[in-house]
Amino acid sequence: MARDAHHHLHSPVDLGVADDRGGGLRWASVTIAVATITLLFANAGTLAGWVDEQTPSDWQLRASDISHGWADRMDRIGIGRPRAVLHARWKQAQAKRFGDEAPAEAP
Amino acid sequence: MLFPTLTFGLFFLVAFTVVWAASGSNEWRKILLLLASWVFYGAWDWRFVALLILSALINWSSARIIDAIDSHGARKAMVTIGVIANLGILGFFKYYDFFLEQLGAVLAGAGYARDLPLLQIVLPVGVSFFTFQGMSYLIDVYRGRVKAGSLLDITLLMSFFPHLVAGPIVRASDLLPQFQERPKLDRGMVAMALLLIVWGLFKKAVIASELSVNLVDPVFFDPSAHSSLDLLIAAYGYAVQIYCDFSAYSDMAIGIAALFGYRFPRNFNQPYRAQSLQDFWRRWHISLSSWLRDYLYIGLGGNRGGLAMQCRNILLTMLLGGLWHGAKWTFLIWGGLHGGVQVIETLWRKAGLPGLPRLLAIVLTFHIVTLGWIFFRAETFQAAIAYLGGMMHGDWRNTVTTPLLAGLIGLGMAFHFTPPLLAQGIAIRLRALPAPLLGALVAAMILLIDAMRYEGVAPFIYYQF
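Rules behind the numbers
Residues numbered from 1 in each chain as written. Chains lettered and ligands numbered in written order. Predicted model: local features only at pLDDT ≥ 70, side-chain atom pairs only at ≥ 80, totals over all residues. Heavy atoms only, no water. Helix = DSSP H or I, 4+ residues; strand = E, 2+ residues; numbered from the N terminus. Rg over C-alpha atoms; globule rule 2.2 N^0.38 Å. Buried < 20%, exposed > 50% of the residue type's maximum accessible area, 1.4 Å probe, protein only. Axes fitted to C-alpha atoms, helices over the stretch in contact; angles between N-to-C directions. Parallel < 35°, antiparallel > 145°, perpendicular 65-115°, else oblique. Left-handed = near helix turned anticlockwise from the far one by under 90°. Contact = heavy atoms within 4.5 Å. Expected span 1.5 Å × (residues − 1). Arc of directions from axis to C-beta. Buried area = accessible area lost by both parts, 1.4 Å probe. Salt bridge = Lys/Arg side-chain N within 4 Å of Asp/Glu carboxyl O. Polar contact = N/O pair within 3.5 Å; in protein donor to acceptor, adjacent residues only side chain to side chain. Phe/Tyr/Trp six-rings, centres within 6.5 Å; stacked < 30°, edge-to-face > 60°. Nonpolar A, V, L, I, M, F, W, Y, C, P; charged D, E, K, R; others polar. pLDDT = per-residue confidence, 0-100.

### What to know about the overall build of chain B
At step 1: A tally of helices and strands in chain B yields 19 helices and zero strands.
At step 2: Rg of the C-alpha trace for chain B: 23 Å, near the compact-globule value of 23 Å for 465 residues, within the 12% margin.
At step 3: Its C-alpha atoms put chain B at 65 × 60 × 50 Å along the principal axes.
At step 4: When the 465 residues of chain B are sorted by exposure, 58% land in the buried category.

Okay, structure coming up:
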């Protein structure tokens, strides 16, 4: 049994180096907002896919139309292209083999 | 509601906005966090929210009584009742059918076969975590380590959504003082929180999911259809998968709690660089191993009472730690293996025998841990034995491992040999960035992970416990 008591209050988020800059909440809020908006533009297809997975209803159908329209618009502009290119590269990496082995089918 | 999903992302955005907007009053803030936690938990099954509230009420009222009475005997009786109530909840939901099945087998063996009333009980997500948290709170109040808290604080302590379903098991002594005042965010905390969330997302959605779907699940599903090499690599793959899966949950839980201003303790510390099983348990699921040490091992007598008692206590603690994971013989064997090896390590040390060279100790420890994972992952004891038997067949053809899977196993192992404070060093640099730049960076990382992740997200392994 582990005998050495570890320090319970030590958290990974305590960096141990003081930071005098205030406004942590505002800084966090802006960071999260920018990340959210960026993903709304650059990853619109994921949002459309998520809306499609929701229980069908009038609201869901309307949201699906809007989200797919948004994703199409982003695709036309080309904002979704980096994600599509990365995904295609990843699929290529998945398909590579050492020899003639074939990954087993998932149960 | 799984962390690495858009549903959770939207839930988090609403909760973050509402809770911080209401932070003028710490009480309202906690009430909103509690409501958010119930919505989070109710997404699995609303009936279990009632169980969570009942559990919180039992622990709150028991602790109040313990705090209010002076008689040592009465306090001891009350803490015993409270612990039994918690164990009753855990036992009913988790072990009732298991023990009845074992009883049925014993009766049948003795010629008294009976139809016993099995209930096919649905296991509430996270019940092992919140009952252990409740018990530690009661015992800490009894031992005078913490004061009995308010109903709101105790209910929030047990329900707080980041740790609710898969830990870390956050002690009352860590969290209750933080609930007393309105928390503040500083940039370093936020930067580290975001780093942990993105890092956890990568480990879960990319490494653990890819290894699970394309290597571990198919091989463990039908070991007889695979070569010895496949079985060996799938065992290593599972070692990496379970680390990336569980540590990812802990990382995200710590990061999400930090964005609400609360500090959770570290739960993993590069476990596969451990040089012994005792060292492993100082690095793996630290909140559980320290719980077992403080409330079970020491409660049993710890290393008092001589070497034989110490070895008995180690073994008992690890066996019960195995059983905590679930009502299966494979978990008991897993716990027994860990306990048995720790007993050997203790005897080795007491005998004054020399330690192994560092590298050899790390390799040996990792392989003992991986052997244990085979029992942990297998559906039955027989399946685990068949798996191990298949590894001895000597058929060294590769039929499943691709360069990507091999690379991900290597990557998962490589994390263990990076500088221990690497993440903190990165966070210190990140906190100096302007918020819009950091936001764009976080989005780019999430986009990269989303492009690599396996389609769909499997539940975390530790959700079943």
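### A short note on the packing of helix H3 (residues 47–68) of chain B against helix H6 (residues 151–159) of chain B
All names here are of chain B.
At step 1: Running from N to C, H3 and H6 cross one another at 130 degrees; their axes reach a closest spacing of 9 Å. When the axis of H3 is compared with that of H6, the two are oblique. For the crossing formed where H3 meets H6, the hand is right-handed. Between H3 and H6, the contacting residues are Leu-52, Ser-55, Ala-56, Leu-57, Asn-59 and Trp-60 on the first element and Leu-151, Ile-154, Thr-155, Met-158 and Ser-159 on the second.

### With respect to helix H1 (residues 6–21) of chain B
Residues and elements named next belong to chain B.
At step 1: Taking 1.5 Å per residue, 16 residues should reach 22 Å; H1 reaches 22 Å between its end C-alpha atoms and fits that length.
At step 2: Residues of H1 that are buried: Phe-8, Phe-11, Phe-12, Ala-15, Phe-16, Val-19 and Trp-20. Projection of H1 onto a plane perpendicular to its axis shows the buried side chains occupying an angular sector of 135 degrees, all on one side. When the buried face of H1 is taken as reference, the exposed residues oriented beyond 90 degrees from it are Val-14 and Ala-21.

### Observations concerning the interface of chain A and chain B
Interface size is often expressed as the accessible area that is lost when the parts come together.
At step 1: The interface of chain A with chain B comprises 54 residues on the first partner and 86 residues on the second.
At step 2: Interface of chain A and chain B: buried area, both sides summed, is about 6,000 Å²; carbon and sulfur atoms make up 68% of it.
At step 3: A salt bridge links Arg-263 of chain B to Asp-14 of chain A; the shortest N-O distance between them is 2.4 Å.
At step 4: Where chain A touches chain B, the interface holds 12 residue pairs in polar contact (both at pLDDT 80 or more).
At step 5: When residues of the side of chain A that touches chain B are traced back to their parent elements, those giving at least two are helix H1 (24–42), helix H2 (44–53) and helix H4 (81–95) of chain A.
At step 6: Take the side of chain A that touches chain B: its biggest share by element is 14 residues, from H1 of chain A.

### Overview of the packing of aromatic side chains
The geometry of an aromatic ring pair is captured by the separation of the ring centres together with the interplanar angle, meaning the angle of the planes.
Residue and element names in this part refer to chain B.
At step 1: According to the stated counting rule, one finds 51 aromatic pairs over all chains in the structure shown.
At step 2: Plain terms: the ring middles of Phe-8 and Phe-40 are 6.0 Å apart, the flat faces sit at 75 degrees to each other, and that makes the pair edge-to-face. Pair noted here: Phe-8 is in helix H1 and Phe-40 is in helix H2 (residues 26–42), with a separation of 32 residues, a long-range link. A single burial state applies to Phe-8 and to Phe-40, both of which are buried.
At step 3: For the pair Tyr-238 and Trp-373, a centre-to-centre distance of 6.4 Å together with 85 degrees between the ring planes defines the contact as edge-to-face.

### Quick word on the pattern of salt bridges
Residues and elements named next belong to chain B.
At step 1: Applying the stated criterion to the full structure yields 16 salt bridges over all chains.
At step 2: Where Glu-27 meets Lys-30, a salt bridge forms, and the shortest distance between an N and an O atom there is 3.4 Å. Highlighted residues: Glu-27 and Lys-30, both in helix H2, separated by three residues, approximately one helical turn.
At step 3: A relative accessible area of 2% places Lys-30 in the buried class.
At step 4: Residue Lys-203 pairs with Asp-251 through a salt bridge whose shortest N-O separation is 2.7 Å. With Lys-203 in helix H9 (residues 187–221) and Asp-251 in helix H10 (residues 228–259), this residue pair connects regions lying 48 residues apart in the sequence. Just as Lys-203 is buried, Asp-251 falls in that class too.

### Looking at the packing of helix H5 (residues 127–142) of chain B against helix H12 (residues 286–297) of chain B
Residues and elements named next belong to chain B.
At step 1: Packing of H5 against H12 brings their axes to within 12 Å, and their N-to-C directions diverge by 40 degrees. Accordingly, the angle class assigned to the pair H5 and H12 is oblique. You can see that H5 and H12 cross each other, and the crossing is left-handed. Side by side, H5 and H12 meet where Phe-132, Met-135, Ser-136, Ile-139 and Asp-140 of the first sit next to Leu-288, Trp-291, Leu-292 and Tyr-295 of the second.
At step 2: The residue makeup of the contact of H5 with H12, split by class, is seven nonpolar, one polar and one charged.

### So, H2 of chain B
Residues and elements named next belong to chain B.
At step 1: Look at H2: 24 Å from first C-alpha to last across 17 residues, which is about the 24 Å you get at 1.5 Å a residue.
At step 2: Among all positions in H2, only Asn-26, Arg-29, Lys-30, Leu-33, Leu-34, Ala-36, Ser-37, Trp-38, Phe-40, Tyr-41 and Gly-42 are buried.
At step 3: For H2, the secondary structure elements touched by its buried residues are H1, H3, H5, H6, helix H7 (161–164) and helix H8 (172–179).

### Remarks on the confidence of the model for chain A
All names here are of chain A.
At step 1: Averaged over all residues, the pLDDT of chain A is 84; the fraction at 70 or higher stands at 84%.
At step 2: When pLDDT is averaged over each helix and strand of chain A, the minimum, 89, is found for H4 and the maximum, 95, for H1.
At step 3: Segment residues 1–9: pLDDT under 50, and 34 contacts once partners within four positions in sequence are set aside and those in other chains are kept.

### Topic: the environment of Val-206 of chain B
At step 1: With respect to the helices and strands, the residue Val-206 of chain B is situated in helix H9.
At step 2: Owing to a relative accessible area of 1%, Val-206 of chain B belongs among the buried residues under this scheme.
At step 3: Along the backbone, Val-206 of chain B and Trp-28 of chain B are 178 residues apart, and their C-alpha atoms lie at a distance of 38 Å.
At step 4: Setting aside chain neighbours within four positions, we find Val-206 of chain B in contact with Trp-90 of chain A together with Leu-201, Leu-408, Ile-449, Met-452 and Arg-453 of chain B.

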